[in-house]
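Structural features, examined
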Amino acid sequence: MNINVLDTTLRDGEQTPGVSLTSQEKFRIATKLDEIGVNFIEAGSAITSEGERDSIKEISAQGFNAEILSFSRPLNVDIDYCLDCDVDAVNLVVPTSDLHISDKLKISKDELLDLSNNAVDYCKDHGLIVELSAEDASRSDVDFLKSVYVNAINHGADRVCVCDTVGILTPDTSYELFSKLNDIQVPVSCHCHNDFGLAVANTLSAIKGGASEIHTTINGIGERAGNTSFEECVVSIDRLLPDFSTSIKINQIYDVSKLVARLTGVYIQPNKAIVGENAFAHESGIHSDGIIKNSATYEPMTPELVGRTRKFIIGKHMGTHGLNSRLKEIGLEVNEIQLKQICDDIKELADMGKTVTDVDLQVIADNVLEINHEDRIKLDEITIVSGNKVMPTASVKLVIDSEEILNAGVGIGPVDAAINAVKSLDMFKDIELIEYHVDAITGGTDAFIDVIIKLQKADKVVSARGTEADIINASVKAYIAGVNRLLRD
Ligand code: MN
């Protein structure tokens with residue numbers, strides 16, 4: 001059975017604390033959602049603002065395959081704004097719990113039914129598709145919930161939705177609630193929140209209980225702990241529920257996840273299922289060895305399925321098999337004795353509590369293989385002016401291919417100024433700093449500072465480190481080490 005996906009990244013997802021998207025960003029996300037096969041896109045809430053309406057209009061006008069919805073309260077003023085945006089459909093949100101009806105709306109249940117029925121009539125009179133979402137449905141009296149649905153359907157509602165607004169369902173209670181709605185004559189959908197980390201599990205149970213549509217957000221962003229995560233839920237349906245499927249092109253999931261993370265600034269935790277940095281990364285020797293022989297040993301799905309690639313992480317749990325494939329990736333062929341030596345050196349570094357970066361691996365391997373790379377760029381001098389009344393300014397003297405080059409930069413802090421002084425040189429134009437991480441190795445203000453950065457040039461990413469007593473020197477050293485590595489190959 002096919003399950004329709006309504007994605008609400010642009011409405012509920014944008015309600016994530018601290019997230020606000022421009023029209024252009026919303027349009028890019030909507031385009032990607034349409035491309036990947038989302039059936040319904042909730043593009044925003046038309047009543048919110050002029051800017052929000054412009055962005056909904058732009059998305060509606062594009063002629064996407066997906067149905068475009070706006071959020072709406074059961075009020076004509078909201079519905080008029082939806083009509084103004086020329087959407088296909090409305091997500092008409094009607095509270096159904098006693099708590100919401102009496103404490104928030106301060107009306108009676110009969111008044112609520114009138115409000116709901118009139119709103120559905122008004123939408124249908126104006127040619128809108130209506131999905132009636134019962135807000136706080138999971139804390140509502142089931143008989144009353146059903147009467148709201150049945151009334152709405154009699155007035156022409158096309159679909160109804162159960163909202164677990166505060167995320168209190170469990171897989172069992174979710175299944176029970178949806179099973180009780182099996183006599184509803186239109187498609188029933190499921191909108192879950194992740195307050196107890198159960199949104200995806202509850203959504204899967206809802207499907208088993210009879211829901212034929214799910215609401216999701218990319219990366220599970222949304223109010224508080226967020227909503228049902230699109231990628232986790234869609235891939236779970238595909239892999240774990242043999243009787244159900246969606247129209248989503250799963251191999252593009254990682255792309256859309258990265259796009260939304262970048263545009264919202266809500267980064268993905270490394271251990272997040274499907275899209276987290278570590279979801280297809282292996283460090284342990286036993287696992288890496290198994291994976292290389294047959295990936296099914298320690299992977300429930302291939303990374304390619306969701307548009308990713310497998311990674312072997314360098315670290316103390318790594319075995320020689322994983323290490324050898326990593327070395328091959330960076331273009332080094334080693335014999336068994338050399339491999340063993342490199343492995344021992346890495347474990348020694350890792351035992352000191354250090355993260356082993358690509359540059360460390362390269363240096364260790366070079367030492368064992370006695371390869372001497374001449375670094376093209378060397379730092380000769382760096383001077384910083386910083387304080388509470390001056391714009392932090394840095395001047396650097398670099399030696400690049402044995403030519404001395406002087407440059408200066410400003411920044412929001414001394415580290416930023418120093419890095420800017422280096423990277424504003426023409427030859428660094430296409431190198432992007434994608435991660436910057438600082439650790440104080442010991443406790444005091446005299447601590448050694450360990451800076452680990454990631455640099456990207458085209459599709460190549462390297463990590464590099466600098467360890468110094470001075471945070472600025474450590475940062476610049478890490479940056480230059482990374483650049484040298486990028487320029488080497
Ligand atoms: Mn919600």
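Residues numbered from 1 in each chain as written. Predicted model: local features only at pLDDT ≥ 70, side-chain atom pairs only at ≥ 80, totals over all residues. Heavy atoms only, no water.

**Observations concerning the environment of Pro 95**
Relative to the helices and strands, Pro 95 is located in strand S4 (residues 89-95). The buried category is assigned to Pro 95, whose relative accessible area is 5%. Separated by 68 residues in the primary sequence, Pro 95 and Cys 163 have C-alpha atoms spaced 9.3 Å apart. (Helix = DSSP H or I, 4+ residues; strand = E, 2+ residues; numbered from the N terminus. Buried < 20%, exposed > 50% of the residue type's maximum accessible area, 1.4 Å probe, protein only.)

**Remarks on the coordination of the manganese ion**
Listed as protein donors to the manganese ion are Asp 12 (OD), His 191 (NE2) and His 193 (NE2); their distances from the metal cover 2.0 to 2.3 Å. In primary-sequence terms, the residues that donate to the manganese ion follow D-x178-H-x1-H. Linking Asp 12 in the loop between strand S1 (4-7) and helix H1 (23-36) with His 193 in the loop between strand S7 (188-192) and helix H8 (199-209), this pair joins segments that are 181 residues apart in sequence. Summarising the burial analysis for this pair, Asp 12 and His 193 share the class buried. (Donors = N, O, S within 2.8 Å, 3.2 Å for Na, K, Ca; no water.)

**Examining the sheet that holds strand S5 (residues 129-135)**
Sheet architecture is closed into a barrel: eight strands sit in the order S1-S2-S3-S4-S5-S6-S7-S8, paired in parallel fashion. Going from strand to strand, the sheet's axes swing by 25° on average, the running direction of each strand aside. Judged from the five bridges that link them, strand S6 (residues 159-164) and S7 form a sheet pairing that is parallel. Of the residues in S7, the one forming a bridge with Cys 163 is His 191. Running over the sheet, H8 touches S6, S7 and strand S8 (213-216) and is turned about 170° from S7. (Pairing = 2+ DSSP bridges. Axes fitted to C-alpha atoms, helices over the stretch in contact; angles between N-to-C directions. Contact = heavy atoms within 4.5 Å.)

**Some words on the pattern of salt bridges**
This model, assessed by the stated rule, comprises 38 salt bridges. With a shortest N-O distance of 2.9 Å, Asp 78 and Arg 73 are connected by a salt bridge. What you see here is one network of salt bridges that share partners, running through Glu 67, Glu 131, Arg 159 and Glu 213. (Salt bridge = Lys/Arg side-chain N within 4 Å of Asp/Glu carboxyl O.)

**Focus: unusual backbone geometry**
Of note, the phi angle at Asn 219 is positive, near 60°, even though the residue is not glycine. When you line up the elements, Asn 219 lands in the loop between S8 and helix H9 (230-240). Under the relative-accessibility criterion, Asn 219 is labelled buried at 10%. Phi angles above zero are rare outside glycine, and Asp 401 is one such case at about 45°. Along the chain, the position of Asp 401 falls in the loop between strand S12 (393-400) and strand S13 (403-410). With relative accessibility at 43%, the residue Asp 401 sits in the partly exposed group.

**With respect to the state of the cysteines**
One pass over the structure, following the stated rule, counts zero disulfides. In this structure Cys 233 is a free cysteine whose sulfur lies 7.8 Å from that of Cys 190, the closest cysteine sulfur available. Classification of Cys 233 as buried rests on a relative accessible area of 0%. (Disulfide = S-S within 2.5 Å.)

**What about the sheet that holds S13?**
Taken in spatial order, the three strands of this open sheet run S11-S12-S13, and their pairing is antiparallel. Edge positions in the open sheet fall to strand S11 (377-385) and S13, since each of these has one partner strand only. Strand-to-strand twist in this sheet, taken as the mean axis angle between neighbours without regard to direction, amounts to 15°. Bridge count for S12 against S13 is eight bridges, and the pairing is antiparallel. Considered in S13, the bridge of Thr 393 is made with Val 410.

**Focus: the pairing of strand S3 (residues 67-72)**
A large share of S3 lies buried, amounting to six of its six residues. Burial along S3 is two-sided: the residues Glu 67, Leu 69 and Phe 71 and Ile 68, Ser 70 and Ser 72 are all buried. Of the pairings in the sheet, the one linking strand S2 (residues 40-45) to S3 comprises five bridges and is parallel in character. Along S3, the bridge assignment pairs Phe 40 with Glu 67. Handedness of the crossover is the feature at issue here: the chain leaves S2, passes through helix H2 (residues 50-61), returns alongside S3, and the resulting connection is right-handed. In this sheet, S4 lies alongside S3 in parallel orientation, the contact comprising four bridges. Looking at S4, one finds that Leu 69 is bridged to Ala 89. In this fold, the crossover linking S3 to S4 by way of helix H3 (residues 76-84) has right-handed handedness. (Right-handed = clockwise from strand over helix to strand, strands pointing away.)

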